[in-house]
Amino acid sequence: MSILIDANTRVIVQGITGRDGSFHARQMMDYGTRIVAGVTPGKGGQEIHGVPVFNTVAEAAQATGADASVVYVPARFVKDALLEVAASPLRLVVCITEGVPVLDALEALEALRAAGKRLIGPNCPGLICPAACKIGIMPGHIHTPGRIGVISRSGTLTYEIVQVLTDAGLGQSTCIGIGGDAVIGSRFVDLLELFEQDPETDAVVLVGEIGGQDEVAAARYYQEKMTKPVVAFMAGLTAPPGRRMGHAGALVGGADDTAAAKIEKLEAAGIPVARLISQVPGLLPKL
Amino acid sequence: MKIHEYQAKDLFREFGIVVQPGRVAATPAQAAAAARELGLPVVIKAQVHAGGRGKAGGVKIVDKAEDVAATSRKILNLTIKGLPVRRILVSPSVDLAAEVYLSLLVDRGVSKLVFIGCAEGGIEIEETAKASPEKILRLEVPAAGIGALEPDDCLDFAGQLFHEPAHARAAAVIMTKMGRLFKERDCELIEINPLVVTGQGEVMALDAKILLDDNGLIRHPENEALRDLYSENADELEAKRAGLSFIRLDGNVGCMVNGAGLAMATMDIIKHFGGAPANFLDVGGSSNPNKVVTAFKAILKDPKVRLILINIFGGITRCDDIARGILAAREQIQVPVPIVVRLVGTNQKEGRALLKDTEMTVASTLEEGARLAVQMIGSKP
């Protein structure tokens, strides 16, 4: 069925009284996600969309038995929001917020790792298990339940890919946007490992871009450890070197992190790479 | 955000990392005066946001007073990797007893903060890392404590760079100061290449490179003052202030897209069909019609643009807001080129209805849009 989340996941919304937090809490509830609490320091005791608001993650978790949270707080408060999760009983936190200082992301990630918690993001659209649980900001209706896993560094590009999968009759087990920043909580390899173990996933689509070496690490992991098929799409073939393409992590620094170099490494490892988005479904093996 | 060597050295001084005295000059006369003040020989270095300054002729040692102005003029007339040299840094030349490489950076592969060292200084670190990885030293440091490192935390590492205990101790102290600077000004990279021991036995940073974290600007408005407006594209900066992510390219198909990954993919697909994108533009997630107007203005400042391809996959972004922005832009400014628009996702029906009575070309997929755009440009001289 899915990795990381399912229909039973009980979710806290950090920053639920803010404009984005409140809007997306409603959207997630409408999709069927079990939003059990909200957290905004100083606003405990209120209710939003019928959901109780607490001052701290610890209180919210204790009162509701939540096991995951999603963070919509402004960038400057993200570190504290994540440190709260590190000290709580939650197991998973998804950080949607964009523009988090890199030192804050590193510090929060250190604490979360030490506490054995998983972070998705920051600067990501979140993750969705179609028809069961949506934690994030993606349009729910383009997804359909099925057996393809999707992992992506992008937001709207992921929606494009999901749309062509859905149109081709290929449903998804879980779709995860891992985030566009240089420092993120979960990388391609971490999630490929989970998809490899997930009995409800048959194949994985990996959506990468310029910058960093995560796609190369994924290629190596696939070659050495993975039995399930993986296909890829890579954005940024036309990106000029030395320029940051919107995402903080999307910067061609050298010859190794160009889209072309990554496509070469992925294909050498046996992962077919689609040149057009519409080619993605055709590259997946007939299952 | 890149800053210049002279600015990085100012920050080094502020945090107690030893650097040479230096004067920034914008004219040959200023450079000559600086050389008189500092004493010859001097090193003159181009201050541009580009690597490989030495190879490009942007770093020169001058022995004679009468040569300072001429050499400075030559460097000030250079354009290095497309960037004109507007300033030079004049410093006294130093006798070197030893030089090493030292940096503090974010290793994104493992999401950790690390010191990187190499006992050979003045080198291209990426090339050494490839050719002789065994020469590269690494020390992972916790981000939570980076502002409060103790010299003892760094001494083993520094001892592998310098065998002389006094020099190793001095380098360890420099590492603690790099940590404090990294924390207090929100850096992404601090690189000293080379860190040297002078003939007098002093350990000092001969060069200085700092990248400041763009996301750190939210708590460091003072970092903004270090931005070199001349080395950044004015249109790109203006777009950034409006909340757009915009980069000018060489082609003639203007692009307006929501989302950075999709914006890159849109450029790639234009190229795939034989066209050339004129820009990267991410209008961002919010649904503000004014942003669309600003985006049109930014794209149309480039006279090469012959068509605009709008590709929106609505999630948070609402297609009707984008459509309203397109209509507003056509009222407020002259849009002298054809538009191909592809709107799907949230409120796509409303968005398309708003554009129904215009002469814009509508595409249902990104690929169809890109193909149409390239065809339309190709069919007109």
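It should be emphasised that the depicted structure is a prediction, and the values quoted were computed from it without experimental measurement.

## Examining the overall build of chain B
When its secondary structure is counted, chain B shows 13 helices and 18 strands. Principal-axis analysis of the C-alpha atoms gives chain B an extent of 80 × 50 × 40 Å. Here chain B holds 381 residues, and 46% of them are scored as buried. Summarising the internal contacts of chain B: among those between residues at least 6 apart in sequence, 68% fall at separations of at least 24.

## Side note on the domain arrangement of chain A
Buried accessible area, meaning the area lost when the parts come together, often serves as the stated size of an interface. All names here are of chain A. Domain assignment breaks chain A into domain 1 (10-120) and domain 2 (138-283). On a C-alpha basis, the centroid separation for the pair domain 1 and domain 2 is 26 Å. Counting residues at the interface gives ten residues for domain 1, matched by eight residues for domain 2. Listing elements by their share of the side of domain 1 that touches domain 2, those giving two or more residues are α4 (102-114) and β7 (118-120). Of all the elements, α4 adds the most residues to the side of domain 1 that touches domain 2, at five residues. In terms of residue class, the side of domain 1 that touches domain 2 is built from nine nonpolar, no polar and one charged.

## Structural notes on the pairing of strand β10 (residues 187-198) of chain B
All names here are of chain B. Within β10, ten of the twelve residues are buried, leaving the element largely enclosed by the surrounding structure. In terms of strand pairing, strand β7 (residues 96-107) meets β10 through eight bridges, oriented antiparallel. Counterpart to Ala-98 in the pairing with β10 is Val-197. Direction of pairing for β10 relative to strand β12 (residues 209-212): antiparallel, over a ladder of four bridges. Bridged to Ile-190 within β12 is Ile-210. In this sheet, strand β11 (residues 203-205) lies alongside β10 in antiparallel orientation, the contact comprising three bridges. Residue Val-196 lies in a different strand from β11, and its bridge partner there is Met-204. Count of turn residues in the β10/β11 antiparallel hairpin: four residues, of which Gly-201 carries a positive phi of about 85°.

## Some remarks on the sheet that holds strand β2 (residues 34-39) of chain A
Residues and elements named next belong to chain A. With respect to topology, seven strands assemble into an open sheet ordered β3-β4-β2-β1-β5-β6-β7, the strand pairing being mixed. What marks the edges here is a single partner per strand, and that holds for β3 (47-48) and β7. Pairing geometry for strand β6 (residues 92-95) and β7, over three bridges, is parallel. Across the sheet, Leu-92 pairs through a bridge with Arg-118, a residue of β7.

## Description of the interface of chain A and chain B
Listed as interface residues are 45 residues of chain A and, on the opposing side, 44 residues of chain B. If you list the elements that add at least two residues to the side of chain A that touches chain B, you get α4 and α5 (156-167) of chain A. Here the element with the most residues in the side of chain A that touches chain B is α4 of chain A; it accounts for six residues. A breakdown of the residues in the side of chain A that touches chain B according to their chemical character gives 23 nonpolar, 14 polar and eight charged.

## As for the packing of helix α3 (residues 78-86) of chain A against α4 of chain A
Residues and elements named next belong to chain A. The contact between α3 and α4 brings their axes to 9 Å, and the two run at 5°. On the basis of the axis angle, α3 is roughly parallel to α4. Counting all contacts with α3, which are made through Val-78, Lys-79, Leu-82, Leu-83, Val-85 and Ala-86, the residues of α4 involved are Asp-104, Glu-107, Ala-108, Ala-111 and Leu-112. Looking at the contact of α3 with α4 residue by residue, the classes come out as eight nonpolar, no polar and three charged.

## Some thoughts on the nonpolar core
Membership of the largest hydrophobic core comes to 199 residues, with the highest contact counts inside it found for Val-71, Leu-82 and Ile-161 of chain A together with Ala-171 and Leu-281 of chain B. No other element matches the ten residues that helix α6 (residues 165-185) of chain B contributes to this core. Both of domain 1 (10-120) and domain 2 (138-283) of chain A provide at least three residues apiece to this core. What Val-71 of chain A contacts, discounting residues up to four positions off in sequence, is Gln-14, Gly-15, Val-78, Ala-81, Leu-82, Val-93, Val-94, Cys-95, Ile-96 and Thr-97 of chain A.

## Here we look at helix α2 (residues 28-38) of chain B
Residue and element names in this part refer to chain B. Here α2 has its buried residues at Ala-31, Ala-32, Ala-34 and Ala-35. Considered in projection along α2, the buried side chains sweep an arc of 160° and stay on one side of the axis. More than 90 degrees from the buried face of α2, the exposed residues found are Arg-36 and Glu-37. In the core, the buried residues of α2 are packed alongside β1 (23-25), β2 (42-46), α3 (65-76) and β6 (88-92).

## Structural notes on α3 of chain B
In this model α3 of chain B runs 18 Å from its N-terminal to its C-terminal C-alpha over twelve residues, within 8% of the 16 Å that 1.5 Å per residue would give. Taken together, the buried residues of α3 of chain B touch β1, α2, β2, β3 (59-62) and β6 of chain B.

## Regarding the confidence of the model for chain B
Summing up the model confidence of chain B, the mean pLDDT is 93 and the portion of residues at 70 or higher is 99%. Across the interface, the model reports ipTM at 0.92; the global pTM reads 0.93.

## With respect to the sheet that holds strand β12 (residues 203-209) of chain A
All names here are of chain A. Overall, mixed pairing links the seven strands, which are arranged β9-β8-β11-β10-β12-β13-β14 in an open sheet. Two strands lie at the open edges of the sheet, namely β9 (133-136) and β14 (273-274), each paired on one side alone. Packing against the sheet, helix α8 (residues 259-268) makes contact with β12, β13 (230-235) and β14, and its axis sits at approximately 170° to β13.

The rules we used
- Residues numbered from 1 in each chain as written.
- Chains lettered and ligands numbered in written order.
- Predicted model: local features only at pLDDT ≥ 70, side-chain atom pairs only at ≥ 80, totals over all residues.
- Helix = DSSP H or I, 4+ residues; strand = E, 2+ residues; numbered from the N terminus.
- Buried ≥ 20, exposed ≤ 12 C-beta atoms within 10 Å, placed from the backbone.
- Contact = placed C-beta atoms within 7 Å.
- Domains from an automatic or database assignment.
- Nonpolar A, V, L, I, M, F, W, Y, C, P; charged D, E, K, R; others polar.
- Pairing = 2+ DSSP bridges.
- Axes fitted to C-alpha atoms, helices over the stretch in contact; angles between N-to-C directions.
- Parallel < 35°, antiparallel > 145°, perpendicular 65-115°, else oblique.
- Core = buried A, V, L, I, M, F, W, Y, C linked by C-beta atoms within 7 Å.
- Arc of directions from axis to C-beta.
- Expected span 1.5 Å × (residues − 1).
- pLDDT = per-residue confidence, 0-100.

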